[in-house]
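Examination of the molecular architecture
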Amino acid sequence: MLAIIGGSGLTQLSTLEIVRREVVRTPYGEPSGALTFGELCGRPVVFLARHGYGHTIPPHLVNYRANIWALKQARADAVVSVASVGGIRADFAPGTLLIPDQIIDYTWGRKSTFFEGGDQAVHHVDFTHPYDESLRQRLLQAGKQAGEAVFDGGVYAATQGPRLETAAEINRFERDGADVVGMTGMPEAVLARELELPYAAVNVVVNFAAGRASSEHGIHFDSIEPILQESMVRVRNLLDHLCRV
Ligand code: HPA
């Protein structure tokens, strides 16, 4: 069963045929909301809204461990994350969809492991390639079949938030090699890796990053909303084709 974690702009999947909702608890506390079980083109899917169904949980307070644990417990065998990002690369304009292939983690103070010592043996997961390559390829194929332009690859910079970045921070991320910036990609990706859940992401560029192009003098939220709405229609179209590839 595929799991989909929806971010800003994707608190539900309109094409999901809902079978049931389930409130679950985990040893790590409560997930962002009830798990929504349903079917997407005839295949079982479990959906979770990362920021809660009322969009009330900010990126640094998302219980990433509970979310990933709950999906694993629900017998998900892969996780697709949908997340909006700011575009750092000049050609990643608002409206761009991409399937990132690398991560740089600038977050801090988040609970980012299930391996906390105590009576557990020390465990270091391999994270050379943070996203599952075959799931990435399926997302790219689904995009192709859906007729949506989807960029293959990109370095995702995970920032702490909830504030947006300064222009100098974006310059630094670019020097580090980042192409897009978002607030939720970590520790979500590594927690999925720790539980051996293949994980990949669809990133939706909703604004130029701080100091870039139309965001030179600031980021304007009123222009983000329509981009977010339009782009999520395209993401839903892509997800509808995922079971066909
Ligand atoms: N920065 C960080 N996270 C984001 C942005 C941004 O510009 N846009 C959407 N998520």
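The rules behind the values
- Residues numbered from 1 in each chain as written.
- Predicted model: local features only at pLDDT ≥ 70, side-chain atom pairs only at ≥ 80, totals over all residues.
- Heavy atoms only, no water.
- Near = heavy atom within 4 Å.
- Polar contact = N/O pair within 3.5 Å; in protein donor to acceptor, adjacent residues only side chain to side chain.
- Areas by Shrake-Rupley, 256 points an atom, 1.4 Å probe, with all protein chains shown as cover.
- Helix = DSSP H or I, 4+ residues; strand = E, 2+ residues; numbered from the N terminus.
- Axes fitted to C-alpha atoms, helices over the stretch in contact; angles between N-to-C directions.
- Left-handed = near helix turned anticlockwise from the far one by under 90°.
- Contact = heavy atoms within 4.5 Å.
- Nonpolar A, V, L, I, M, F, W, Y, C, P; charged D, E, K, R; others polar.
- UniProt positions renumbered as here; feature names shortened; annotations may be inferred.
- Buried < 20%, exposed > 50% of the residue type's maximum accessible area, 1.4 Å probe, protein only.
- Core = buried A, V, L, I, M, F, W, Y, C linked by side-chain atoms within 4.5 Å.

1. Considering the site of the ligand
- Taken together, S84, V85, G86, L164, E165, V181, G182, M183, V206 and N207 make up all the residues around the ligand.
- One of the backbone nitrogen or oxygen atoms of S84 is found 3.4 Å away from a nitrogen atom of the ligand.
- G86 places a polar main-chain atom, nitrogen or oxygen, 3.3 Å from a nitrogen atom of the ligand.
- Here the ligand, which alone exposes 260 Å², has 91% of that area covered by the protein.
- Those elements giving two or more residues to the shell around the ligand turn out to be β5 (78-87), β10 (180-182) and β11 (199-208).
- A per-element tally of the shell around the ligand places β5 first, with three residues.

2. Thoughts on the packing of helix α1 (residues 64-73) against helix α4 (residues 185-194)
- Contact geometry of α1 with α4 gives a least axis separation of 9 Å together with a crossing angle of 35 degrees. As α1 packs across α4, the resulting crossing turns out to be right-handed. Every residue of α4 that contacts α1 at Y64, R65 and I68 is listed here: M186, P187, E188, L191 and A192.
- The residue inventory of the contact of α1 with α4, partitioned by class, reads six nonpolar, no polar and two charged.

3. A look at the UniProt feature "binding site: phosphate" (unreviewed entry) in the protein
- What UniProt calls "binding site: phosphate" (unreviewed entry) maps, in this numbering, to S8, R50, H51 and T184. Across 177 residues of sequence, these annotated residues stay compact in space, with a maximum C-alpha separation of 10.3 Å.
- Within the secondary structure, S8 is located in the loop between β1 (2-6) and β2 (17-22).
- Setting aside anything within four residues of it in sequence, one finds S8 in contact with H51, H55, S84, L228 and M232.
- Positionally, T184 belongs in the loop between β10 and α4.
- Relative accessible area serves as the criterion here: at 7%, T184 is assigned to the buried category.

4. With respect to the nonpolar core
- Among the nonpolar cores identified, the biggest contains 42 residues, and I4, L13, V80, L139, F173, V235 and L239 are the most heavily contacted of them.
- Top element by residues in this core is helix α5 (residues 221-240). It accounts for seven residues.
- Setting aside residues up to four positions removed in sequence, V80 forms contacts with L2, A3, I4, I5, L135, L139, A200, V202, L239 and L242.

5. Here's the deal with the UniProt feature "domain: Nucleoside phosphorylase" (unreviewed entry) in the protein
- Feature annotation in UniProt assigns "domain: Nucleoside phosphorylase" (unreviewed entry) to the following positions: residues 2-242.
- As annotated, residues 2-242 has a helix share of 27% and a strand share of 25%, and its two end C-alpha atoms lie 10 Å apart.

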